[in-house]
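Structural overview
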Amino acid sequence: MPAPQPEPWLRGPLPGLDPLLQPVFHSFQQVREDLAHHTHGLTAEQVWAPHGPLSSIGFQLRHIAGSVDRLTSYLVGDQLSAEQIAALKQEGDNTGAALEELLAEVDAALAASEARLRTLDTADLYAPRHIGRKQLPSTVLGLLVHLAEHTQRHLGQVITTAKLVR
């Protein structure tokens, strides 16, 4: 059996990417790898089963994909589209989607976010950003940090719930 790889943040710089953006990319890679590992073999029933007060894994995966999309929109200076708002309202709907489909949704959202983040000018890290209808204040840097930590928070919920539903 080969030795396990170090976590993404310990694998060195990502070529062609500003060092100030790398922590988010490392976080996203960690999410991909941990989701694949901790959800492997789960049935659709396990994916969509709530466990006590915990949301289903299906919800958490949809929320990771949707929140990454929404936070990235705010980060690049956009407001949410009608489609994003509609998707937000349906995150908890049990569609019975297979685990592979949900993981593909997460991966697509992470990849789309990475593509948008690559266009950022890191000279704008302190530029103001306004969130939601209330236009709550943040910055590009604040959103970068929240994008990584919020995604990790929900990854942790998936891991915990996966352990419980097994």
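Reference entry: report on the structure contained in this document. (Residues numbered from 1 in each chain as written. Predicted model: local features only at pLDDT ≥ 70, side-chain atom pairs only at ≥ 80, totals over all residues. Heavy atoms only, no water.)

1. Topic: helix H1 (residues 22-39)
Spanning 18 residues, H1 covers 26 Å between terminal C-alpha atoms, matching the ideal 26 Å at 1.5 Å per step. Here H1 has its buried residues at Gln22, Val24, Phe25, His26, Ser27, Phe28, Gln30, Val31, Arg32, Asp34, Leu35 and Thr39. Its buried side turned inward, H1 meets helix H3 (57-75), helix H5 (99-117) and helix H6 (140-165). Just downstream of H1 lies glycine 41, where phi reads positive at about 85°. (Helix = DSSP H or I, 4+ residues; strand = E, 2+ residues; numbered from the N terminus. Expected span 1.5 Å × (residues − 1). Buried < 20%, exposed > 50% of the residue type's maximum accessible area, 1.4 Å probe, protein only. Contact = heavy atoms within 4.5 Å.)

2. A look at the packing of H1 against H6
Helix packing geometry: the angle between the two helix axes and the distance between the axes. In contact at an axis separation of 10 Å, H1 and H6 are set at 10° when each is read in the N-to-C sense. In terms of orientation, H1 lies roughly parallel with respect to H6. Here H1 contributes Val24, Ser27, Phe28, Gln30, Val31, Asp34, Leu35, His38 and Thr39 to the contact with H6, which in turn contributes Leu144, Leu147, Ala148, Thr151, Gln152, Leu155, Val158, Ile159, Ala162 and Lys163. Across the contact of H1 with H6, the residue classes tally to 11 nonpolar, 6 polar and 2 charged. (Axes fitted to C-alpha atoms, helices over the stretch in contact; angles between N-to-C directions. Parallel < 35°, antiparallel > 145°, perpendicular 65-115°, else oblique. Nonpolar A, V, L, I, M, F, W, Y, C, P; charged D, E, K, R; others polar.)

3. Structural notes on the pairing of strand E1 (residues 128-131)
Two faces make up the sheet, and in a regular strand the side chains alternate between them. Note: E1 against strand E2 (residues 136-139), 4 bridges, orientation antiparallel. Looking at E2, one finds that arginine 129 is bridged to serine 138. Between E1 and E2, which pair antiparallel and follow one another directly, the connecting turn spans 4 residues, one of which, glycine 132, has a positive phi of 75°. (Pairing = 2+ DSSP bridges.)

Remember that the coordinates give geometry; whether it matters functionally is a separate question.
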